[in-house]
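Read off the chains here:
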There are 2 protein chains.
Amino acid sequence: MTQRITVVEKILGANERLATENNKILNNAKVVGLNLMASPGAGKTSLIEKTIHGLGSRLRIAVVDGDIATSIDADRAAAAGALAVQINTGGECHLDAVMLGQALAALDLSAVDLLIVENVGNLICPAYFPLGTHKSVLIASIPEGDDKPYKYPGMYQGVDALVINKTDLLPYIDFDMDYFRRGVEALNPGLITFPLSCKTAEGMDSWLDWVSEVASEAKGSTFE
Amino acid sequence: MTQRITVVEKILGANERLATENNKILNNAKVVGLNLMASPGAGKTSLIEKTIHGLGSRLRIAVVDGDIATSIDADRAAAAGALAVQINTGGECHLDAVMLGQALAALDLSAVDLLIVENVGNLICPAYFPLGTHKSVLIASIPEGDDKPYKYPGMYQGVDALVINKTDLLPYIDFDMDYFRRGVEALNPGLITFPLSCKTAEGMDSWLDWVSEVASEAKGSTFE
């Protein structure tokens, strides 16, 4: 197992260096990058669509979509009005800094203010691979259940903001918001959260305000 | 990357050999093993609870729970009346045959008819690591969305049965069952499916009948 661990450490180290490169590329182009992570089906693509609809008139938005297969998500982002690049990872369970670097090279960054990266649907592996974006955002969803912070601590620990999507389903699901929030607070004290519904648009304004703010403040900062 | 690929191939080859060992251990003990895989929050633990309640009087059931952290799931399985072993994988995003081998060693298999393995919540990585169980089962859930077979083909291709959980939420969610089923059929023709709700128990009987049947038929068979 030692050999395996050494190789994994080398991969993570190389990823970190390439993430720093990506961050420089974004900063030079004055582009702010968000890394959106979540379980499959938590609503990453829907949130991106709503964000493009809400901010697309003020910010030039590009989307990089990571998926095992298909271009369903990039097609949806493009239909919503963004520049969109699809990365198919083959079997890989997360995006890494190499893949984002390739996507950045394929984009005309001089035409972009905000880059939204939609990571592969997975609550575990993406947490280990920083991409060089400025902020990491986790999207939880009500039907996933209230125990997820306890069971996937690595993901909850490392993010800068938490969206709690599908609040419209709260009446139909046993979800103890206090229990959920206690779990989050223990792992990531003071984490900013956005309970919202992409379906009804309830709570969407606070999220859009935060993204706007980040897009203006984070320019030129180093990645987290 | 070549070095990395070689190491990955070695790991997968070693896993396959150990899975064969696990399968022999199960067969020698006349225990039938199921490997349950799903996204975080699709309802693996709830389905296990309902299965224990439904079949626990006829079959002696043991549960091996894989999670990044906590013993929440094993505690629930134990409370429902099963022998339960929790495996905390640390950061690993899937169970492997080594981990299951350790769990088998910790169980008195002479007191078990059916072993249910609850894999780590992840739609990608567990598909690459057979454990030596007799049947693999995927649990999809309505709120995950109808595009998941298209986006996570590896997982849908490799399983022997598909549970479609949380059908009670169908009235509140845009989920095109025909589109979903077409995706499944293209990847895994004729796959047996069980639409059900762990909450209302609708559809549960067909699932329990299938598990009973597998538990009596699969004894002594090689793993898939």
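Structure shown above.
Reading the values: the criteria
- Residues numbered from 1 in each chain as written.
- Chains lettered and ligands numbered in written order.
- Predicted model: local features only at pLDDT ≥ 70, side-chain atom pairs only at ≥ 80, totals over all residues.
- Heavy atoms only, no water.
- Helix = DSSP H or I, 4+ residues; strand = E, 2+ residues; numbered from the N terminus.
- Patch = residues over 30% accessible without salt bridge, like charges linked within 9 Å, V, L, I, M, F, W, Y side chains within 5 Å.
- Areas by Shrake-Rupley, 256 points an atom, 1.4 Å probe, with all protein chains shown as cover.
- Salt bridge = Lys/Arg side-chain N within 4 Å of Asp/Glu carboxyl O.
- Lys, Arg positive; Asp, Glu negative; His and termini not counted.
- Charge placed at Lys NZ, Arg CZ, Asp CG, Glu CD.
- 1 Å grid on protein atoms, 1.4 Å probe; cavity = no way out; pocket = protein on both sides within 12 Å on 5 of 7 lines; lining within 4 Å.
- Points joined across faces, edges and corners; volume = space filled by probe spheres on them.
- Nonpolar A, V, L, I, M, F, W, Y, C, P; charged D, E, K, R; others polar.
- Expected span 1.5 Å × (residues − 1).
- Buried < 20%, exposed > 50% of the residue type's maximum accessible area, 1.4 Å probe, protein only.
- Contact = heavy atoms within 4.5 Å.
- Buried area = accessible area lost by both parts, 1.4 Å probe.
- Core = buried A, V, L, I, M, F, W, Y, C linked by side-chain atoms within 4.5 Å.
- Arc of directions from axis to C-beta.
- Polar contact = N/O pair within 3.5 Å; in protein donor to acceptor, adjacent residues only side chain to side chain.
- Pairing = 2+ DSSP bridges.
- Axes fitted to C-alpha atoms, helices over the stretch in contact; angles between N-to-C directions.
- Parallel < 35°, antiparallel > 145°, perpendicular 65-115°, else oblique.
- Left-handed = near helix turned anticlockwise from the far one by under 90°.

1. Observations concerning unusual backbone geometry
Move 1: At lysine 30 of chain A, a position not held by glycine, the phi torsion is positive, near 55 degrees.
Move 2: With respect to the secondary-structure elements, lysine 30 of chain A resides in the loop between helix 1 (2-28) and strand 1 (32-38).

2. Section: a negative patch on the surface
Move 1: On the surface, Asp205, Asp209, Glu213 and Glu217 of chain A cluster together into a negatively charged patch.
Move 2: Within the secondary structure, glutamate 213 of chain A is located in helix 8 (residues 204-217).

3. Observations concerning empty space enclosed by the protein
Where empty space is left can be seen by rolling a probe of water-molecule size over the atoms.
Move 1: On inspection of all chains with the given rule, the structure shows one cavity of 30 Å³ or more.
Move 2: In this structure, the largest cavity occupies an estimated 80 Å³ of space.
Move 3: Residues belonging to the lining of the largest cavity are distributed by class as follows: six nonpolar, six polar and four charged.

4. A short note on helix 8 of chain A
Turn by turn, an α-helix covers 3.6 residues, leaving residues three or four places apart pointing in a common direction.
Residue and element names in this part refer to chain A.
Move 1: Over its 14 residues, helix 8 runs 20 Å from end to end, which matches the ideal 20 Å to within 8%, given 1.5 Å per residue.
Move 2: Residues Met204, Trp207, Leu208, Trp210, Val211, Ser212, Val214 and Ala215 constitute the buried set of helix 8.
Move 3: Where helix 8 is buried, its residues contact strand 1, helix 2 (44-55), strand 4 (114-118), strand 5 (135-141), strand 6 (161-165) and strand 7 (192-195).

5. Notes on the interface of chain B and chain A
Move 1: In this complex, chain B contributes 39 residues to the contact, which on the side of chain A involves 39 residues.
Move 2: Together, the buried faces of chain B and chain A total about 3200 Å²; carbon and sulfur atoms form 58% of this surface.
Move 3: The tally of links from chain B across to chain A stands at two salt bridges.
Move 4: Of the charged contacts in the structure, one is a salt bridge between lysine 151 of chain A and aspartate 73 of chain B, with a shortest N-O distance of 2.8 Å.
Move 5: Broken down by secondary-structure element, the contributors of at least two residues to the side of chain B that touches chain A are helix 1 (2-28), helix 3 (72-79) and helix 5 (148-151) of chain B.
Move 6: Of the residues forming the side of chain B that touches chain A, the biggest block, four residues, is contributed by helix 1 of chain B.
Move 7: Tallied by class, the residues present in the side of chain B that touches chain A amount to 20 nonpolar, eight polar and 11 charged.

6. Some words on the environment of methionine 204 of chain A
Residues and elements named next belong to chain A.
Move 1: By the secondary structure assignment, methionine 204 is in helix 8.
Move 2: For methionine 204, a relative accessible area of 5% puts it in the buried group.
Move 3: Taking the C-alpha atoms as reference points, methionine 204 and lysine 50, separated by 154 residues in sequence, lie 8.3 Å from one another.
Move 4: Apart from the residues lying within four places of it in its own chain, the contact partners of methionine 204 are Leu47, Lys50, Leu196, Ser197 and Cys198.

7. Some words on the nonpolar core
Move 1: Counting residues in hydrophobic clusters, the biggest one holds 46 residues, and the most contacted among them are Leu162 and Phe180 of chain A together with Leu162 and Phe180 of chain B.
Move 2: The set of elements that each furnish at least two residues to this core consists of strand 5, helix 6 (153-157), strand 6 and helix 7 (177-187) of chain A together with strand 5 (135-141), helix 6 (153-157), strand 6 (161-165) and helix 7 (177-187) of chain B.
Move 3: With residues near it in sequence (within four places) discarded, leucine 162 of chain B still touches Leu138, Ala140, Tyr156, Phe180, Val184, Leu191, Ile192, Thr193 and Phe194 of chain B.

8. Some remarks on helix 7 of chain A
All names here are of chain A.
Move 1: Among the residues of helix 7, those classed as buried are Phe180, Gly183 and Val184. Along the axis of helix 7, the buried positions cluster into a sector of 95 degrees, meaning they face one direction only. For helix 7, exposure combined with an orientation more than 90 degrees from the buried face picks out Asp178, Arg182 and Ala186.
Move 2: On its buried face, helix 7 is in contact with strand 5, helix 5 (148-151), helix 6 and strand 6.
Move 3: Sitting at the head of helix 7, aspartate 176 places a side-chain oxygen 3.1 Å from the backbone nitrogen of aspartate 178.

9. Considering the pattern of salt bridges
Move 1: The final tally for this structure, using the stated rule, is 12 salt bridges over all chains.
Move 2: Between aspartate 147 of chain A and lysine 148 of chain A there is a salt bridge; the shortest N-O distance is 2.6 Å. Just as aspartate 147 of chain A is buried, lysine 148 of chain A falls in that class too.
Move 3: Across the pair lysine 24 of chain B and glutamate 21 of chain B runs a salt bridge whose closest N-O atoms are separated by 3.7 Å. Taken as a pair, lysine 24 of chain B and glutamate 21 of chain B lie in helix 1 at a separation of three residues, close to a single helical turn.
Move 4: Given the relative accessible area of 45%, lysine 24 of chain B is considered partly exposed.
Move 5: In the salt-bridge network here, residues are joined through shared partners; they are Asp73 of chain A together with Asp147, Lys148 and Lys151 of chain B.

10. What about the sheet that holds strand 6 of chain B?
Residue and element names in this part refer to chain B.
Move 1: Here seven strands make up an open sheet; going across it, the order is 3-2-4-1-5-6-7 and the pairing parallel. Two strands lie at the open edges of the sheet, namely strand 3 (83-88) and strand 7 (192-195), each paired on one side alone. Between one strand axis and the next, the sheet turns through 20 degrees on average, direction left out of account.
Move 2: The pairing of strand 2 (residues 61-67) with strand 3 spans six bridges and is classified as parallel. Each residue of the ladder has a partner; that of aspartate 67, found in strand 3, is asparagine 88.

11. Focus on the packing of helix 2 (residues 44-55) of chain B against helix 3 of chain B
Residues and elements named next belong to chain B.
Move 1: For the pair helix 2 and helix 3, interaxial distance at closest approach is 9 Å and the crossing angle is 15 degrees. Taken as axis vectors, helix 2 and helix 3 run roughly parallel relative to one another. Seen from above, helix 2 lies across helix 3 with right-handed handedness. Each of Thr45, Ser46, Ile48, Glu49 and Ile52 in helix 2 lies in contact with helix 3, whose residues at this interface are Asp73, Arg76 and Ala77.

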